[in-house]
Structures are given as structure tokens and as C-alpha cells.
Amino acid sequence: MPISPRDRFANLFDGGIFVEIDVPKPIIDPLQFKDQKKYPERMKSAQKTTGEAEAMLLAEGEMGRTPVVIAAQDFSFMGGSMGMYVGNAIIRAAERAVELKRPLILFSAAGGARMQEGILSLMQMPRTTVAIQMLKEAKLPYVVVLTHPTTGGVTASYAMLGDIHIAEPNALICFAGPRVIEQTIREKLPEGFQRAEYLLDHGMLDRVTSRLEMRDELITIIRILSNSSPQIKGDLPSPKQET
Amino acid sequence: MAHYLDFEKPLAEIEGKAEELRAMARQNEEMDVEKEAENLDLKAQEILVDLYKNLTPWRKCQIARHPERPHCKDYIKALFSEFVPLAGDRNFADDQAVIGGLARFGDKPVVVIGHEKGSDTKSRIERNFGMARPEGYRKAIRLMDLADKFGLPVITLVDTPGAYPGKGAEERGQSEAIARSTEKCLQIGVPLISVIIGEGGSGGAVAFATANKVAMLEHSVYSVISPEGCASILWKDAEKMREAAEALRLTADDLYSLGISDQIISEPVGGAHRDPEQAIDAVKSAIASMLSSLKSKKPKDLISERRKKFLKLGEKGLAA
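Residues numbered from 1 in each chain as written. Chains lettered and ligands numbered in written order. Predicted model: local features only at pLDDT ≥ 70, side-chain atom pairs only at ≥ 80, totals over all residues. Heavy atoms only, no water.

## Some words on the pairing of strand β5 (residues 142–150) of chain A
All names here are of chain A. Burial within β5 is extensive, with eight of its nine residues counted as buried. For strand β4 (residues 104–110) and β5, the ladder comprises six bridges, and the chain directions are parallel. For Leu106, the partnering residue across the bridge sits in β5 and is Val144. Bridge count for β5 against strand β6 (residues 164–167) is four bridges, and the pairing is parallel. Note on β6: the bridge partner recorded for Val144 is His165. (Buried < 20%, exposed > 50% of the residue type's maximum accessible area, 1.4 Å probe, protein only. Helix = DSSP H or I, 4+ residues; strand = E, 2+ residues; numbered from the N terminus. Pairing = 2+ DSSP bridges.)

## Quick look at the confidence of the model for chain B
On average, residues of chain B score 95 in pLDDT, and 99% of them are at 70 or above. Here the prediction assigns the complex a pTM of 0.95, and the interface score ipTM is 0.95. (pLDDT = per-residue confidence, 0-100.)

## Side note on the interface of chain B and chain A
In this complex, chain B contributes 48 residues to the contact, which on the side of chain A involves 49 residues. When the two sides are added together, the surface that chain B and chain A hide from each other amounts to roughly 4,200 Å², 70% of it contributed by carbon and sulfur. The tally of links between chain B and chain A comes to two salt bridges. Note that Lys136(A) and Glu183(B) form a salt bridge whose closest N and O atoms lie 3.0 Å from each other. The tally of links between chain B and chain A comes to 14 residue pairs in polar contact (both at pLDDT 80 or more). Taken together, the elements giving at least two residues each to the side of chain B that touches chain A come down to α7 (167–171), α8 (174–187), α9 (202–209), β7 (221–223), α10 (227–235), α11 (241–248) and α14 (299–312) of chain B. Per-element tally for the side of chain B that touches chain A: the top contributor is α8(B), with ten residues. In terms of residue class, the side of chain B that touches chain A is built from 25 nonpolar, twelve polar and eleven charged. (Contact = heavy atoms within 4.5 Å. Buried area = accessible area lost by both parts, 1.4 Å probe. Salt bridge = Lys/Arg side-chain N within 4 Å of Asp/Glu carboxyl O. Polar contact = N/O pair within 3.5 Å; in protein donor to acceptor, adjacent residues only side chain to side chain. Nonpolar A, V, L, I, M, F, W, Y, C, P; charged D, E, K, R; others polar.)

## Considering the state of the cysteines
A full pass over the atoms with the stated rule returns zero disulfides over all chains. Cys230(B) provides the cysteine sulfur closest to Cys174(A), a residue in no disulfide bond, and the two sulfurs are 18 Å apart. Unpaired in this structure, Cys72(B) has its nearest cysteine sulfur neighbour in Cys185(B), at a distance of 15 Å. Under the relative-accessibility criterion, Cys72(B) is labelled buried at 0%. (Disulfide = S-S within 2.5 Å.)

## So, the sheet that holds β5(A)
To summarise the sheet geometry, strands pair through backbone hydrogen bonds and adopt either a parallel or an antiparallel arrangement. All names here are of chain A. Spatially, β1-β2-β3-β4-β5-β6-β7 is the arrangement adopted by the seven strands of the open sheet, whose pairing is mixed. Taken across any chain shown, the strands that pair with only one partner, and hence form the sheet edges, are β1 (18–20) and β7 (207–208). Of the pairings in the sheet, the one linking β6 to β7 comprises two bridges and is parallel in character. Looking at the pairing, Ile166 lines up with Arg207 of β7. Sitting on the sheet, helix α9 (residues 211–225) is in contact with β2 (56–63), β3 (66–73), β4, β5, β6 and β7, with an inclination near 175° to β6. (Axes fitted to C-alpha atoms, helices over the stretch in contact; angles between N-to-C directions.)

## So, the environment of Tyr158(A)
Residue and element names in this part refer to chain A. Within the secondary structure, Tyr158 sits in the loop between α6 (152–155) and β6. In this structure Tyr158 comes out as buried when scored by relative accessible area, which is 0%. Separated by 34 residues in sequence, Tyr158 and Gln124 place their C-alpha atoms 9.4 Å apart. A polar contact of 2.9 Å, which involves the side chain of Tyr158, links it to the side chain of Gln73.

## Let's talk about the side chain of Asp29(A)
All names here are of chain A. Tracing the backbone through its elements, the reader meets Asp29 in the loop between β1 and α2 (39–50). Of the side chains with opposite charge, Lys38 comes closest to the buried, unpaired Asp29, at an N-O distance of 8.0 Å. Here the side chain of Asp29 touches Phe33 through a polar contact of 3.0 Å, landing on its backbone nitrogen. Filtering out sequence-adjacent residues up to four positions away, Asp29 remains in contact with Tyr39 and Pro40. (Lys, Arg positive; Asp, Glu negative; His and termini not counted.)

## So, the environment of Glu228(B)
All names here are of chain B. Following the sequence through the fold, Glu228 ends up in helix α10. Of the residues examined, Glu228 reaches a relative accessible area of 26% and is grouped as partly exposed. What Glu228 contacts, discounting residues up to four positions off in sequence, is Trp58, Arg65, Ala238 and Met241.

## So, the nonpolar core
If you look at the biggest cluster of nonpolar residues, it comprises 110 residues, and the most contacted ones within it are Tyr158(A) and Tyr222(B). The element contributing the most residues to this core is helix α3 (residues 84–100) of chain A, with eight residues. Non-local contacts of Tyr158(A), meaning those with residues more than four positions away in its chain, are made with Met56(A), Gln73(A), Met82(A), Val86(A), Ile90(A), Leu106(A), Thr128(A), Ile132(A), Tyr142(A) and Val144(A). Of all hydrophobic cores here, the second largest spans 28 residues; its members include Ile76(B), Ile99(B), Val112(B) and Leu291(B). (Core = buried A, V, L, I, M, F, W, Y, C linked by side-chain atoms within 4.5 Å.)

Written out as C-alpha cells, the structure reads:
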């Protein structure tokens, strides 16, 4: 079941409290793209239905009292497609994580590159890769959670460059989609092909984890990678009253 | 027989007539057709110049895919000496869609890597039409590491419809292989230059072309998706590829305006396939000038300039 980035943040951050991180705005419709519908019109209708500015949301806050930066891609916004905005968002998320010396957790969900930005959407593959290198050089954990679906240029760049790859059950994760492959090789693909469990079997993922257990698991992984004490489960004792 | 593209039909007719006349004259020594044939040649030349003066983006795609266009192997043969092909990804296989190895450009030792489409049915199948599998990208990664270790500049020649959409390719991590190859391009402390010689097809091209300097041949294209693919998604009709090619802005001129390509290499009139030698020569001088512009740079500057170049892209767009 799809979940919006905002709902995801509300469920992940302690007490549902988080601060959104601003993304530098790119030029609108950089190629003046013309198909049957104008690109700015497609954008407007996506903004109207999702209530979001674009296909990625960034936030900082604490998760199990562990400071993190989280980026979440929004599949309901033009298929989560990666254009200049998503590229800028990932670069900003990496910069912010480096500034705050925090891990970055990224939830991917996209059909791939945004065709309406043509070659500039393709250039987000190297741009986001530079962002991931910033984290690597700062020795900060970068955990990717691949959600349904993660395909195309997104899988072939930042979504496959994590220190840890976790996927949600049954998520479709691929470079070329099943339809394209069936047309190319002219045979039916096996059941479950390119689903999370299949990728786990083929060594492309570390784990497949349900949404219910995701938060705890992320906290554990991040606290181990950043060499912090084990997470405290349950409520902390209430602060001592001043006497 | 020459391979004509659909828009070259008027040219095919005239050139065909001239050829016919000459063939007739060869059979019958009394016929003097040379004058008439030369007139047809002149006419053909005029048509050729005219056809290639204002090419639509779709026609450029057709030229970029022309089966007789010089391919990676032709460039390697003509531009480098002492080419030592190196095979394999040390993991699974040797991908024939990617050629790579040690070579000399002039006296300068380099590593060269490129996509090879093949030149006849047999070699096209062997080369998988230039569509690499994960092994191809992993071979490239290995060669880039080798270049980095021994301080050799890397030259990549890009000519691919895209990464291969196959079952095995997916199982063995096509996405991861492409992502790592792009990452490697951004990590090596040696000059990395790239020439788009034909088709720059999507992620399969980016994996080699994330370079300090990118040059594009005049009629090459570089795009996020094929015009046919884009048309079938956005127009729901693959036959709308002309419109899609227009909208995608995939020509050398457009990419130069966007700062993605640093240089446009002129092609002979009628495209590289009409005079491969001239095209290859033009690529040679472009490579020489790109290499010399990076010659004295320190490894860390090569890396940071490459990264900055890509971070900066998209600051300016294109007018309609």
C-alpha cells in the first residue's frame, strides 16, 4: 500500500515531530517540453492531487532519539520521477547530513527519470552520485529503503549505492521494467521476477523488511554504524522532579 | 550497395541513376555517359548538402544509428597504436558489447573503453547491438581502476542504444553495475574524456560519459530515453517518435547549449558514414585537444572539477 512521504515521516520520527528541509528550486520546465499536455500543467495537477511541491520530501529530526536526515520520494507525484528537483533534493539532503554529521536514510520510489526534463533528468544520475560521495567521504551512513516501485535511472544511481539496502516486501525493483524485458526476449518472466525477495535471493539487497519492523531496524542499524549505544526501547523514565 | 535512410530517398534515386548509367557504359563501350553521370553526381551532391543542412532531431537519430557509421572498433583501429584489448569482469563473463584495453594515443599511454555495436549480422549479435550487460560495466570499472592506479588518462567512446533489458542482466544487477560505473567515473584521479560517436542511450551511456570533457559528433544524440520509447509512454503511440525526438532535446547543439557537451565535432557532409576517415580524423583532433587541456591537472582537481561540472548542470535551460 502506498504511503505519502509526510505520513512516513510522521510514523518514523519520534512523536511525529520533524523539520522539513528546503530544497533549492530548479528552473521550471527547463527544456520547454512539448508533448500532448504541457509539462507545467502536468506539474500543477500533480501538485493539486498530492498537495506537495515535487516528488521528494526532506526532513531532519530524531528517530528513537537518534538524529537523522530522511529523504522520501513520492510515487504519487508524477510517478516519483527524478528530474532537477529530485536531484537538488538529494544533493541538499547529503549536504545537510554532512553539516549535521548525521546519517541519511532515503526511501526510494520512482518509475525512473522524468522524461519531460529530457537529458537534464538523465544528468541526475551523476549529480546524485556526487551527493552520495559526499556522505561516503564524511563517513556517514547512507541507508536506502527501496519501496514499490523503484526502477530505471533511480535504481541505476543513488538507490543502488547505499551502505545498506533494505526493501519493503514485494516491491518491484529493477532497471528495465518487466514489460520491456518481455518484449525484448519474447518470453514470459517467472513469478516474482524483480520483486524484493527475488533481488534478495540474487544478492542485490541486504534485507527485506516489513513496514511494521522498519523503524526499529533502521534505528538499530544506524546506531551500530555510528557506534552509539543500543537504542532504548519503550518509554524513558520521566525526568526527575526538581525538589 | 549503400544503405539509404528514408529521408535520403531523392538522393538514392539520383545516385542510383548515375550508377546505372555507368554500369550500362561498362557493358557497352560505345556509350559515352560520363558527362550525364557527372551531372547527376553534381545534382546528388546538391541534394546531399541540402538534406543535411537542416536535419530534424529524428533524422539525426537515424544518422546516429546508421549501420555504416564508423563504430568503436573503427575508431580504435585508426586512432590508437599498440591496442591491447583486455577482457572480462573477473566475476562472471566478458561482455562483447564493451571493448576496452590499453593503447597509445600518439605516444601517450591511455586506457580506452567503448561500446561496440558490430558491423554485420554475425558481429551485431555477438556484440548484442552495443547493449551492455552488467559484465560490460564491471569490465569498464576494472579498467578505470587500472588507469587510475597507473596514472593513465581514460578515453571512452559512447555508442549504445542503452543497457540491455534482459533477464540475466537484471538478475546480475544491471542497475548496480551502471550505478557503480558512474560512481567510478567520478572517483578516478586521471583525465577522463568521452566522445559520443553515435547513440548516447540513457543510463548505459552515462555510465561511461560522466567525464571531465564530453564531446559529441555533430549528428550523434544523447538522451534519457529513445524517441520511440518516449513516444509510446507520453503519446501512447511509438509512431510519434518525430515529435518525441523534437521534445527530448537530444542533439549535439542542444547538449552543448546546456553545458552537458563541451564540444561539437563536425562531421563530413552527409554524415560520418559517407567519409569515415574524415570523421575519425576530426575525432582525433578533438581528443588531442581535450587531453592537452587536462594534461597538467592534479588528480584531486580532476576529481573535484568533474564533480562540480555535474553539480552545476541545469542552472540554465533551453528556450523553446
